[in-house]
Amino acid sequence: MLNGKKIVLGVSGGIAAYKAAALTSKLVQKGAEVHVIMTASAKEFITELTLQSLSRNPVYTDTFDERDASVVSHINLADTADLVLVAPATANVIAKMAHGLADDMLTTTLLATTAPVMVAPAMNVHMYEHPAVIHNMNTLYSRGVHFIEPGVGQLACGYVGKGRLEEPETIVDVIERFFGEEEAGKPLLGKKMVVTAGGTIERIDPVRYITNDSSGKMGVAFAKTAKDMGAEVTLIAANIQVKYPEGITVVPVQSADDMHQAVFERLEQSDIVVKAAAVADYRPMEAAKQKIKKSGETLTLELVKTVDILEALGKAKTHQFLIGFAAETNDLELHAASKLERKNADLIVANDVTQEGVGFGTDTNAVKIFDKQGLVKEIPVTAKEEVARQVLLIAASRMDGRK
C-alpha cells in the first residue's frame, strides 16, 4: 500500500522522538519515500544523521536552508506529499497547527500543504487532558486532520497514563489502512445518510428541562467519518457539546418529537440511518408556558412516554440500513439482542457506560456490534472516530447484499 507514497514525517521535540527512527525505517521498508522535517527541539533528542541514514533522504531543519535553487523546499515538500505525518506531535506543535503559526520548517510546510495530515500526539497525561490541548485537537479534527491516539502506559516523566506515542508498527498499520481505503475508493460514495446526535431536551417550563449526559461526540464522529467515506450526510443534532463538523448539513432540534419529525422528513431519500442520539424516554405531559414558581415542600411532575424513534424507523424502513445504539450498565448482550429484535434494526452498537473511557462525554468508546445472528464484532477502547469507521465499513459491506 505504501510503495511509492511520498510521506513527509514531522518530528517535534519530545522524548518520543527516538521512536521516529523505527517509524522512518518501517515506512521505508514498506516502500514509502520518507522526507523528514525536524524541529529545533527534536534535534535535542535524536540526530539528523540518524534519520537521514534511515530515510536515505536529506533531513530538513531550517526554513532558510535552501539546497535546490529550482524549488522552495517547504513548498515543494508540501506540494508533492501524499501524506504529512507529525509523530511525535507535542502540545506545542499541536497549538501552532491549530492557530496557524508558521515559525519553522515544519509548521510552514503544514500551512502550505493540501495533502492529508495525520498527527500522533505524545506528551504527559495531564498535558494531554488539559482543556487548551483538547480544544486545539478538536479544532484540528474539525478541519479534517486525522489523529492517531496515544497509548496508555509508563511515561518518561514517571506517570502512568495516556500520552505515550503509539508504537511505530501501529502507526504504519494506520497509514496503510488509510491508503488502502483511498485505493479502494470511498465505500459510501453516493449514499445518503442521516445521523442523529446529542441528548434531546424535554421542556418543563421556559427555563427548565429534562435531558441526559449525552455530549453528541459519537454521533458527530459518525457524521464526519461517513462524509470522509463518501456519503452525503445530514446531522440531526439535539443538545451537543462539540462543534458541528464542517461540510455537513446540520438540522438543529430540541425535543424527541422534533427529532422524530426531522428524521422522517428525510427517511425516504436516505440509504443509511444512524440513530446515535440519546432520546429522552419521558417528557412532561404539559410544558408550562411560564416559569413554575416555588411553592410548597414538593412538586409533582407528570411524565408521559416520548415517541420511540428507533422503533418507528424499524417499522417504516424499506431499503434503509438502520443502525441503533444501546447504552447499558448491565447484561449488555441480553439487552442489545432484545433491542435489535424489538426495533427491527440491522445493527445494534452496544456499550457498557460504566466502563472507564466509554460512553457519554469521552473521546473514546468500546462497543460490541450485534446483528440478528449475534455478535458481529467487538471493538476495544479506541477513538470514537475509529469506532464509527469500523461500524460503517460493516454497514457498507452489507448494504447492497442485504435482503
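Thresholds applied
Residues numbered from 1 in each chain as written. Predicted model: local features only at pLDDT ≥ 70, side-chain atom pairs only at ≥ 80, totals over all residues. Heavy atoms only, no water. Helix = DSSP H or I, 4+ residues; strand = E, 2+ residues; numbered from the N terminus. Buried < 20%, exposed > 50% of the residue type's maximum accessible area, 1.4 Å probe, protein only. UniProt positions renumbered as here; feature names shortened; annotations may be inferred. 1 Å grid on protein atoms, 1.4 Å probe; cavity = no way out; pocket = protein on both sides within 12 Å on 5 of 7 lines; lining within 4 Å. Contact = heavy atoms within 4.5 Å. Salt bridge = Lys/Arg side-chain N within 4 Å of Asp/Glu carboxyl O. Phe/Tyr/Trp six-rings, centres within 6.5 Å; stacked < 30°, edge-to-face > 60°. Lys NZ or Arg CZ within 6 Å of the ring centre and 35° of its normal. Pairing = 2+ DSSP bridges. Polar contact = N/O pair within 3.5 Å; in protein donor to acceptor, adjacent residues only side chain to side chain.

**Here's the deal with unusual backbone geometry**
- Cis geometry is adopted by the peptide bond preceding Pro 88, which originates at Ala 87 and carries an omega value of 0°.
- In this structure, Pro 88 sits in strand β3 (residues 83-89).
- Look at Arg 56: it is not a glycine, yet its phi comes out positive at around 65°.
- On the secondary structure map, Arg 56 appears in the loop between α2 (48-55) and α3 (73-80).
- With a relative accessible area of 67%, Arg 56 lands in the exposed category.
- If you check the backbone angles, Asp 331 has positive phi at about 45° while not being a glycine.
- Position of Asp 331 relative to the elements: it lies in the loop between β16 (321-328) and α12 (332-343).

**Observations regarding the UniProt feature "binding site: CTP" (unreviewed entry) in the chain**
- The sites that UniProt annotates as "binding site: CTP" (unreviewed entry) are Asp 281, Lys 291, Phe 325, Lys 339 and Lys 343. Their sequence span is 63 residues, while the largest C-alpha to C-alpha distance among them is 37.4 Å; these annotated residues do not converge on one region. The subset of the named residues that lines the second largest pocket consists of Asp 281, Phe 325, Lys 339 and Lys 343.
- Counting through the fold element by element, Lys 291 comes out in the loop between β14 (282-284) and β15 (303-305).
- Note on Lys 291: relative accessible area 45%, which makes it partly exposed.
- The contacts of Lys 291, once residues within four sequence positions are left out, are Asp 205, Pro 206, Val 207 and Arg 208.
- For Lys 343, the location among the structural elements is in helix α12.

**Regarding the pattern of salt bridges**
- By the definition in use, this model includes 17 salt bridges.
- Across the pair Lys 96 and Asp 104 runs a salt bridge, and its minimum N-O distance is 3.9 Å. For the residue pair Lys 96 and Asp 104, the accessibility class agrees, reading buried in each case.
- In this structure, the salt-bridge partner of Arg 208 is Asp 205, at a minimum N-O distance of 2.5 Å.

**Thoughts on the packing of aromatic side chains**
- A full pass over the atoms with the stated rule returns 2 aromatic pairs.
- Taking the centre distance of 5.3 Å and the plane angle of 70° together, the rings of Phe 178 and Phe 179 count as edge-to-face.
- Accessibility expressed as a relative area gives 4% for Phe 179, which makes it buried.
- Taking the centre distance of 5.5 Å and the plane angle of 90° together, the rings of Phe 222 and Phe 325 count as edge-to-face. Placement of the pair is Phe 222 in helix α9 (residues 217-228) and Phe 325 in strand β16, with a sequence separation of 103 residues.
- Sitting over the ring of Tyr 141, Lys 224 keeps its end group 4.9 Å from the ring centre.

**Some words on the pairing of strand β9 (residues 202-205)**
- Sheet topology places β9 next to strand β10 (residues 208-210); 3 bridges connect them, and they run antiparallel. Bridge assignment links Glu 202 to a residue of β10, and that residue is Ile 210.
- Taken together, β9 and the strand that follows it, β10, pair antiparallel across an intervening segment of 2 residues.

**Thoughts on the side chain of Lys 317**
- Of note, Lys 317 is situated in the loop between α11 (309-316) and β16.
- Side-chain polar atoms of Lys 317 contact the side chain of Asp 346, separated by 2.9 Å.
- Filtering out sequence-adjacent residues up to four positions away, Lys 317 remains in contact with Leu 322, Asn 344, Ala 345 and Asp 346.

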